[in-house]
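Residue-level structural notes
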Amino acid sequence: MRCPHCHADQIIKQGRDEHQRARQRYRCLGCQQKFDDLTGYCVCGPSSTATGVVGWALPEGVEFE
């Protein structure tokens, strides 16, 4: 597995999502970004809800209402 931000292969497990226990969180030792194994997107807050994902990380065409 590589970091989706800087593509480094030095990542560590960073716990699991509180609401979806199957989601594993990771932190990159290169750029310090956090992401999960389900989406590969930045986990920017205490949860991975819509408010915890930065807008630029959304797949093209996906919008929140």
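Read on for an overview of the structure. Keep in mind that what you see is a predicted model, and the values were worked out from it rather than measured. (Residues numbered from 1 in each chain as written. Predicted model: local features only at pLDDT ≥ 70, side-chain atom pairs only at ≥ 80, totals over all residues. Heavy atoms only, no water.)

1. Section: the overall build of the protein chain
Scanning the protein chain for helices and strands turns up 0 helices and 3 strands. Element order for the protein chain, N to C, with α for helix and β for strand: β-β-β. Burial status across the protein chain gives 26% buried among its 65 residues. With the model as given, the accessible surface of the protein chain reaches about 4,500 Å², and the carbon-plus-sulfur share is 50%. (Helix = DSSP H or I, 4+ residues; strand = E, 2+ residues; numbered from the N terminus. Buried < 20%, exposed > 50% of the residue type's maximum accessible area, 1.4 Å probe, protein only. Areas by Shrake-Rupley, 256 points an atom, 1.4 Å probe, with all protein chains shown as cover.)

2. A few points about the sheet that holds strand β1 (residues 11-16)
Strand order in this open sheet of 3 strands is β1-β2-β3, and the pairing throughout is antiparallel. Strands at the two margins of the open sheet, each flanked by one partner only, are β1 and β3 (34-36). Put simply, the sheet's adjacent strands are angled 35° from each other on average, direction ignored. Pairing between strand β2 (residues 24-28) and β3: 3 bridges, direction antiparallel. (Pairing = 2+ DSSP bridges. Axes fitted to C-alpha atoms, helices over the stretch in contact; angles between N-to-C directions.)

3. A few points about unusual backbone geometry
You will see that His7, though not glycine, has its phi angle at about 70°, which is positive. Position of His7 among the secondary structure elements: in the segment before β1. Phi at Gln32 takes a positive value of approximately 70°, unusual for a residue other than glycine. Within the secondary structure, Gln32 sits in the loop between β2 and β3. On the basis of relative accessible area, Gln32 is assigned to the partly exposed category, the value being 43%.

4. So, the pattern of salt bridges
The full count for this structure, using the stated rule, is 3 salt bridges. The shortest N-O distance in the salt bridge between Glu18 and Arg25 comes to 3.5 Å. Look at Glu18 and you get partly exposed, because its relative accessible area is 44%. Arg23 is paired through a salt bridge with Asp36; the nearest N and O atoms lie 2.6 Å apart. With Arg23 in the loop between β1 and β2 and Asp36 in strand β3, the pair connects residues that are 13 residues apart, well separated along the chain. (Salt bridge = Lys/Arg side-chain N within 4 Å of Asp/Glu carboxyl O.)

5. Here's the deal with the pairing of β2
Summarising burial for β2: 5 of the 5 residues are buried, a large majority. Residues Gln24, Tyr26 and Cys28 point to one face of β2 and Arg25 and Arg27 to the other, with burial holding for every one of them. The antiparallel hairpin formed by β2 and β3 contains 5 residues in its connecting segment, where Gln32 sits at a positive phi of about 70°.

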